Amino acid sequence: MNAYMGIRQWMILLSVFFCAGRLAAESPGRTSDYLTLPPAFKALAGDPIIETLPDGEKMSEGHLTGTRPFSPKMGFQTRNRDARLFLPVNGTSSDKSIAENAAQIFAEAFHEKVLSRENRNWHERRLGLDKILIPEEDDFVALAERKLLGRPAEEPWLDAWWKVRMGLPQTPDRSHHLILINLHYDHFGKKTTNGHFCFALRRKGGSPEGDMLFDFRAPWDLNRSPRFTEGLNLHNRLLLSAIVENLYDWLYTQTEYRHCYVECWFLPISKEQVTLLKHIGDRPVIHEAGHFRAFRKNCASLGLGFLHRLEPIGTPLPLGRGVADIPTVAARRILDEFEEEPPYFRLKNVTHERDREPTAKSTIHRALPTRSSSRAFRLLQTVPEAN
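An account of the accompanying structure is given in this report. (Residues numbered from 1 in each chain as written. Predicted model: local features only at pLDDT ≥ 70, side-chain atom pairs only at ≥ 80, totals over all residues. Heavy atoms only, no water.)

Next up on the list: the environment of Lys73. Within the element layout of this structure, Lys73 appears in the loop between strand 4 (70–71) and strand 5 (75–76). Measuring from C-alpha to C-alpha, the distance between Lys73 and Pro316 comes to 4.9 Å, with 243 residues separating the pair along the chain. Apart from residues lying up to four places away in sequence, Lys73 is in contact with Asn121, Pro316, Leu317, Leu319 and Gly320. (Helix = DSSP H or I, 4+ residues; strand = E, 2+ residues; numbered from the N terminus. Contact = heavy atoms within 4.5 Å.)

Below, the structure written as structure tokens:
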């Protein structure tokens, strides 16, 4: 009996030994042993266990399982489950080949489950936000493979995109700020309208030729204001787009021709976000969003969508609340994220002081006498916290 038990124990030990060896061969470790995982990848799948798929085994295509649910509106959802990254292998695989294989499969899975157009929600699709700062699949996979393997991107703006969108630490930019803007028609202090929403990138101290205003509007080419049906765009004549203007030309036009005053909040920005804004702002029309709609496809809708692309993937989309996207509410949503109210400045309306009849035209006039000596440029220089 003792001899039998001894043989049986040895058989069990040998079985455990060989099974352990087989498991070790099939499970080279965790993904982080081979790749540099950014927060967004970890939010999707944590640190997946790597499992190898020998030749001839069913489902020998590499794949990722156990990922957390993702939605643009809510971000990544929690799930108590270990993810696994299954890698096909040919014979003995080196650490380098395991890493390269893991990078490709994880990148493809991330695009499919998070960035693909099929994953965009109703608000993003109707605004065309799936085309804003989301690389095509092949471009994303190529970028992700390089970054997961610890290599630089092929273009500087892609390195910035990776840091911003993947949730990595960014570098504060002490020389620029983001100006959050609400534009209001001036009713001589009697009431405040819901206004208009946009933002600007400004170098501290002012750069007359380089400071950019990102505007989101359906251009209007008549001097009179739109009638009710025209304002609601019932006839589909107004096309919403994102446009880049010189900041001082835009401020000059609004306050000296359109009888408006401008509310400005000066927000901090990172060097990587500055790089992205300059990248998408290198052409006059940077996005066409289709037919304007007064409630859910307006300046606030598109502006919030653009700002969302300057946040890490997984940040909940700030659209779809209430019955409409309202410009003043859109600005307040962003401002409420700060512990202290950012520096504020109001540029007043001087249209009547210039003896001009207010116009509703969207046409932008070049700042006079020059951009660097215009009233808006000089007044912004007087805000201590913004220079």
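Continuing now.
This next bit is on the packing of aromatic side chains. This model, assessed by the stated rule, comprises 13 aromatic pairs. With a centroid separation of 5.8 Å and 25° between ring planes, the pair formed by Phe110 and Phe140 is classed as stacked. Here Phe110 is found in helix 3 (residues 95–115), whereas its partner Phe140 is found in helix 5 (residues 137–148), with 30 residues between them in sequence. Here the aromatic rings of Phe199 and Phe216 are separated by 5.5 Å at their centres, their planes lie at 45°, and the arrangement is tilted. A residue pair is termed long-range when its members are at least 10 positions apart, and Phe199 in strand 8 (residues 196–203) and Phe216 in strand 9 (residues 212–217) qualify at 17 residues. With respect to class, Phe199 is no different from Phe216; both count as buried. (Phe/Tyr/Trp six-rings, centres within 6.5 Å; stacked < 30°, edge-to-face > 60°. Buried < 20%, exposed > 50% of the residue type's maximum accessible area, 1.4 Å probe, protein only.)

Below, the discussion takes up the sheet that holds strand 1 (residues 29–30). An order of 1-2-6-3 is seen for the four strands of this open sheet, with the pairing classed as mixed. Among the strands making up the open sheet, the edge pair consists of strand 1 and strand 3 (63–65). Here strand 3 runs beside strand 6 (residues 84–88); their pairing, made up of three bridges, is antiparallel. Residue pairing across strands places His63 opposite Phe86, the latter belonging to strand 6. Here helix 3 sits on the sheet and contacts strand 2 (49–53), strand 3 and strand 6; the angle it forms with strand 6, its principal contact strand, is near 125°. (Pairing = 2+ DSSP bridges. Axes fitted to C-alpha atoms, helices over the stretch in contact; angles between N-to-C directions.)

Geometric descriptors of this kind do not, in isolation, establish any biological role.
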